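Chains, contacts and geometry: an overview
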Amino acid sequence: MKKITIGITAHVDSGKTTLSEAILYKTGSIRKFGRVDNGDSALDTNSIERERGITIFSAQAEFKTENTFFTLLDTPGHVDFSAETERTMCVLDYAVLVISGTDGVQSHTSTLWKLLSKYEIPVFIFVNKMDLIGADKSYIVNDLRSRLSGNFVDFSGEHSETCENTAMCCEELMEKFLSDGTLSDADIADAIKTRKVFPCCFGSALKLEGIEGFLKILDSYTAASEYPDEFGAKVYKVSYDPKGSRLTHIKVLGGQLKMRDELTYKNQNGEDISCKVSSIRFYSGEKFRTADIAEAGEVCAVTGLTGSFAGQGIGFVKNSEKAYLEPVMTYRIILPADKNVYEALKDMRQLEDEDPQLHIIWNEQNREIHVQLMGSIQLAVLKKLISDKFNYDVSFADGAVTYKETIRNAVEGVGHYEPLKHYAEVHILLEPLPAGSGLQYDTVCSEDDLDRNWQRLILTHITEKTHIGALTGSPITDMKLTLVSGKAHLKHTEGGDFRQATYRAIRQGLRMAEPILLEPYYSYELEIPAENVGRAISDLQHMCADFDTPRNIGEMAVINGTAPVSEINNYQSEIIAYTHGKGRISLALDGYRECHRTEEVTAEIAYDCDGDIENSADSVFCSHGAGYVVKWNEVYEHMHLPLSLKDDAEYEEPLESKRSKAAKFIEKAVSDEELMEIFEMTYGKLNRDPVRTFKKTRAVELSDKKVRLPQYEGPDYLLVDGYNIIFAWDDLKKIAEENLDAARSELINRMCNYQGYAGCELILVFDAYKVKGRHRDIEKYCNINIVYTKESETADTYIEKVTHELSKKHRVRVATSDGAEQIIILGNGAMRISAAEFKKRCIEAEKAIKEYIDTMK
C-alpha cells in the first residue's frame, strides 16, 4: 500500500475543515461527522479554534482508501496564520486546494497558489459549496484557468472525456492519446505529479456530495515517492502536549527512525546537538498511537529532541530556505504590574519556539518585549493563548507596520577594527537587488590576499546577525553583500576582530548609500454593491492603492489590487459601514515596496543612527600604541586597503530599476498637449472658436408653450460623474480594463468635444484622482472644468452639493446611472441624464462634428 502525505489548504471560509471531516467520516476514520460551527470537528481541537470557528494550528489525521494510506494535514486558511500553512507545505506529497463554488479564486487563494508553485507541490482542486445558489461550474473552471493556470481539467465527467481534456495540457500526453486512443491511470498520475495537470472535482462537503468520487480520484491518481536508504527527516512544526512534553513534528524522508536512536543536528545558532528519540507518536486529531519505528514517507511527532525548529533538516536533508510569508505588524507587550519581565520573556520564547513566525524582540535598553505578527486576529489569539497557557493577561500597544530598508545605489562599506593588539579590516560591496530578492551573499576576495578560513568566518558574521538600516533601524533586505577584500595580521588578529570589522563595514556602507524605506503591501479582493464603486475607488486612491477595473458579478462589483498594509489593514469596518454589511474584503501579503510616505514614517520612528552604539558605523584605528575612533564618513581617508568600487560612475543601474523608473514616467505622461493632439488627429485642426462653431440652434421656442417654467439666469450646467460613466459605457470600460488612466483621458477628450457642441458649462467630477494632499483639486482643461474631490469626499457628495446651489439660478443636468444619486438630484431641482442616454447624445455630437469637418475639406 502506497503512503501519501496530503495537505488541505484554502482561503478562509471555503469549507476546508469541513472537507477534511467529510473525508475522515467517509473513510471510517471517525464515527461522527463533526461541524466547525458546532465546535465538534475532529481536527480543530484547540479551544480557541472551536471558539472562533477557524483553523489556527495545522492538524494531522490518517485515513485509508483501497490502495493508499494517507496522512492528512489540515492547515489554517486565515491570512494571519498562513505562515503555519507554509511550514506544512515542505513535507507534502500532494495538496488539495479548496475553492468556494460561490466565490471562485480569492486573494489568499492566489497567495497559496504561489506557495504551492514555489514548493512544486502537485495540486488537486475540490470546488466546494456547489449546492448553494450562485455556484457555477463553468465559471469556476474559467476563473481558475484565467487567474491561476490553464491546465485545470474537470475530472467529474466520463473517463474518456477526462483523458481527452488531460491530453490537451501537454504535447507528450497528446501524442500518446492520439496513438493509443486513451491514457492510462499511470500516465495521468505522472502528469499530475509533475504539475502538468491539475484535476478539478466538485461537490458539497457539508452534504457529503462528491466526496466518494473525490476519494477515488485521490486513490487512482497519486503516486508514491521513492526514498533513499540513508536516514533523513524534515521538521515542519514544534508544539507541546498537555503535559508539557516538547513535540517535534517531522516527516521521514529516508531510511528509518527508531526508538532510542540518537540524532545529531545543528540548532538555530549553528551549535551541534545530539539527542535520543524517547518516543514516536502518530497523531490523528487529539489522539495518537505510539510506535517503535517510523518508516520513510511517514509523518510523526517525536519527543526527546531539543533545539529543533520548523524548517530544520536532519540527516542528509538540508534546512528550508527563508519563508515567503513574514509578519508585517509589530506590537509592544504590556505585562501585569506584578509579572517579572524576564519570566515573561521566557514564556514568549516558548511560544516563538512553537511558531517561528511569531518574532519576539527583546529591547534591553527599555526592558520591553515586542512581538511581530501578521494581523489583528493573530493578536487576539496570542492574547488568549498566553492567558490559557501561562495564567496571566497581557495587552498590546504601539501597533505599527514592520518596515524594511534597502539601498538605491551600490557602495563599498569599510570596517576597520584595530585597538591595541587587535587587527582586522573588511571591505564589503553592497548592491541593490530587485524587490523580493531578500539578502544574498558572496565573496570575490582572493585567497592570496585573505586566507580561506578568515573569509568563511567573515561570511558567517555577515549572515549571523539581523543587520538594520540607517534610516529607521529596520532590517535590511533586497541587496547583495559581497566580500571584496580583507586584511589580517599574522600576530594580532583574533576571530572576534573580524566580527567587529564585518559589522562596521556593513553599517558604514549603509550610511554611505542612499537608503530606501520599504513597507509591506497586501493584495486585496474587495466585493461591494455596484452602487458603492465610486466610494470604494475614492477610498483606494486615498490609500495610494493600485486597483484593476471593477468586475460586475450580478448586483455586486469586485475590485482587485494592492495597497499598503498601513492604509488598508483596518478598512473592513469602513466597508461594513458604507455598504450596510453587504461588502467584504480579503487580504493576502504581497511583499514589500517603496514606502509611500517615507518622510512621515522616518519622523515618527525618529531613529537615532549615531546614538545606536550597538550598531556603530565608525571604525577603530591604532596610533602610537592606542586605539582611536574614526567617524564613518572619514574611514575612506584612513583605511589600509584600496577600494574595489573605484567610482560611483562605474556602477550601472540594474535593468529592473531602469524599467521601473520608465514605467512610472509613462504613467504620468498624459498631459493637456497630448490630449489636444488626440483631438486634432481624430477631427483635424480647428481654426475657429469651438463654442461658436458647434453651437446648436434651437428648433422650438419654449416661450411659445403655455407652460410656466423657472426663470434661469446664465448658462446651463452639465455635471458628469466620471467613474460612473467610464464603467457604464462598454467601450470605455474595455479601455479601463487595460489602463484606467487611458479611459479617463478618453472620457475627458469626449467631454471637451461635447461641450464645444452643446455650449453648456461642463463639470467633470472624479473621486480624488491626483490628490496629493488633503484638498480638492479643480483643473481648467480646454473648455471644461475637471474636479478631483478632496479627501473623504466622493463624486456623489460633491455633485449633490453643487446641484443644490446651481439649481437656484441655472438649468442643471447630471449624467449618472447611480440610482440613489438620481433621486437626490431630482430633489435638488436638477434634471438627470442616464448613462445610456448621455452616450447617445455624445455620439450625435461627435457625428455632427465629423460632418462639419467633412464639409470644410
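The shown structure was predicted, so the numbers you read here are calculated from the model rather than taken from an experiment.

1. A word on the overall build of the protein chain
- In terms of regular secondary structure, the protein chain is built from 26 helices and 39 strands.
- By residue count, 50% of the 857 residues in the protein chain fall in the buried class.
- Taking the intrachain contacts of the protein chain between residues at least 6 apart in sequence as the baseline, contacts between residues at least 24 apart amount to 71%.
- When the accessible surface of the protein chain is summed, it comes to about 41100 Å², and 48% of that surface belongs to carbon and sulfur atoms.

2. Considering the packing of aromatic side chains
- Under the counting rule described, the total for this entry stands at 20 aromatic pairs.
- Taking 6.4 Å as the distance between ring centres and 75° as the angle between the ring planes, the aromatic pair formed by Tyr331 and Phe396 counts as edge-to-face. Here Tyr331 is found in strand β18 (residues 329–334), whereas its partner Phe396 is found in strand β21 (residues 395–401), with 65 residues between them in sequence. With respect to class, Tyr331 is no different from Phe396; both count as buried.
- Ring geometry for Trp729 and Phe838: centres 5.8 Å apart, planes at 40°, overall tilted. Here Phe838 lies in helix α26 (residues 835–856) and Trp729 lies in the loop between α21 (722–728) and α22 (730–738), a separation of 109 residues in the sequence.
- A relative accessible area of 0% means that Phe838 is categorised as buried.
- In this structure an aromatic cluster arises from ring pairing among Tyr723, Phe727, Phe766 and Tyr788.
- Residue placement shows Lys137 over the ring face of Phe202; its charged tip is 4.8 Å from the ring centre.
- Across from the ring centre of Tyr503, 4.4 Å away, lies the NZ or CZ of Lys465, which sits over that ring.

3. Examining the packing of helix α6 (residues 159–167) against helix α7 (residues 171–180)
- At a minimum axis separation of 8 Å, α6 and α7 run at an interaxial angle of 135°. Accordingly, the angle class assigned to the pair α6 and α7 is oblique. Facing Cys163, Glu164, Thr166 and Ala167 of α6, the residues of α7 in contact are Leu173, Met174 and Phe177.
- Across the contact of α6 with α7, the residue classes tally to 5 nonpolar, 1 polar and 1 charged.

4. Comments concerning the sheet that holds strand β1 (residues 2–10)
- Taking strand neighbours across the sheet as the criterion, the 7 strands line up as β2-β3-β1-β4-β5-β7-β6 in an open arrangement whose pairing is mixed. Of all strands in the sheet, those bounded by a partner on one side alone are β2 (59–64) and β6 (152–154). Strand-to-strand twist of the sheet, defined as the mean angle between neighbouring strand axes without regard to direction, takes the value 30°.
- Bridging between β6 and strand β7 (residues 198–202) involves 3 bridges; their strand directions are parallel. By the bridge assignment for β7, Phe152 is matched with Phe198.
- Seen against the sheet, helix α5 (residues 137–147) touches β4 (94–100), β5 (123–128), β6 and β7 and runs at an angle of roughly 160° to β6.

5. Some words on the pattern of salt bridges
- A full pass over the atoms with the stated rule returns 40 salt bridges.
- The shortest N-O distance in the salt bridge between Asp731 and Lys839 comes to 3.6 Å. Remark: Lys839 occurs in helix α26 and Asp731 occurs in helix α22; sequence separation between them is 108 residues.
- Where salt bridges share partners, they join Lys114, Asp546, Asp590 and Arg593 into one cluster.

6. Things to note about the side chain of Glu519
- With respect to the helices and strands, Glu519 occurs in strand β27 (residues 515–529).
- At 2.6 Å, the side chain of Glu519 and the side chain of His596 are in polar contact.

7. A short note on the environment of Asn724
- Within the fold, Asn724 resides in helix α21.
- Every residue in contact with Asn724, bar those within four places of it in the chain, is listed here: Thr816, Ser817 and Asp818.

8. Looking at the packing of helix α12 (residues 452–464) against helix α13 (residues 495–512)
- At their nearest, the axes of α12 and α13 sit 9 Å apart, and the two run at 55° to each other. As the angle between them shows, α12 and α13 are arranged oblique. Crossing of α12 against α13: the hand is right-handed. Across the interface between the two elements, Trp454, Leu457, Ile458, His461, Ile462 and Glu464 of α12 pack against Gly495, Phe498, Arg499, Thr502, Tyr503 and Ile506 of α13.
- Looking at the contact of α12 with α13 residue by residue, the class counts come to 7 nonpolar, 3 polar and 2 charged.

9. Side note on the pairing of strand β35 (residues 761–766)
- Of all the 6 residues making up β35, 5 are buried; the element is thus mostly covered by neighbouring parts of the structure.
- Of the strand pairs in this sheet, strand β34 (residues 717–721) and β35 are connected by 5 bridges, and their pairing is parallel. Pairing of Val720 across the sheet is with Leu764, part of β35.
- The pairing of β35 with strand β37 (residues 784–788) spans 4 bridges and is classified as parallel. Note that in β37 the partner of Ile763 across the bridge is Asn785.

10. Examining the environment of Thr330
- Relative to the helices and strands, Thr330 is located in strand β18.
- A relative accessible area of 17% places Thr330 in the buried class.
- Expressed as a C-alpha distance, the spacing of Thr330 and Ile361, which sit 31 residues apart in the sequence, is 9.5 Å.
- For Thr330, the side chain forms a polar contact with the side chain of Thr402, separated by 2.8 Å.

Parameters at a glance
- Residues numbered from 1 in each chain as written.
- Predicted model: local features only at pLDDT ≥ 70, side-chain atom pairs only at ≥ 80, totals over all residues.
- Heavy atoms only, no water.
- Helix = DSSP H or I, 4+ residues; strand = E, 2+ residues; numbered from the N terminus.
- Buried < 20%, exposed > 50% of the residue type's maximum accessible area, 1.4 Å probe, protein only.
- Contact = heavy atoms within 4.5 Å.
- Areas by Shrake-Rupley, 256 points an atom, 1.4 Å probe, with all protein chains shown as cover.
- Phe/Tyr/Trp six-rings, centres within 6.5 Å; stacked < 30°, edge-to-face > 60°.
- Lys NZ or Arg CZ within 6 Å of the ring centre and 35° of its normal.
- Axes fitted to C-alpha atoms, helices over the stretch in contact; angles between N-to-C directions.
- Parallel < 35°, antiparallel > 145°, perpendicular 65-115°, else oblique.
- Nonpolar A, V, L, I, M, F, W, Y, C, P; charged D, E, K, R; others polar.
- Pairing = 2+ DSSP bridges.
- Salt bridge = Lys/Arg side-chain N within 4 Å of Asp/Glu carboxyl O.
- Polar contact = N/O pair within 3.5 Å; in protein donor to acceptor, adjacent residues only side chain to side chain.
- Left-handed = near helix turned anticlockwise from the far one by under 90°.

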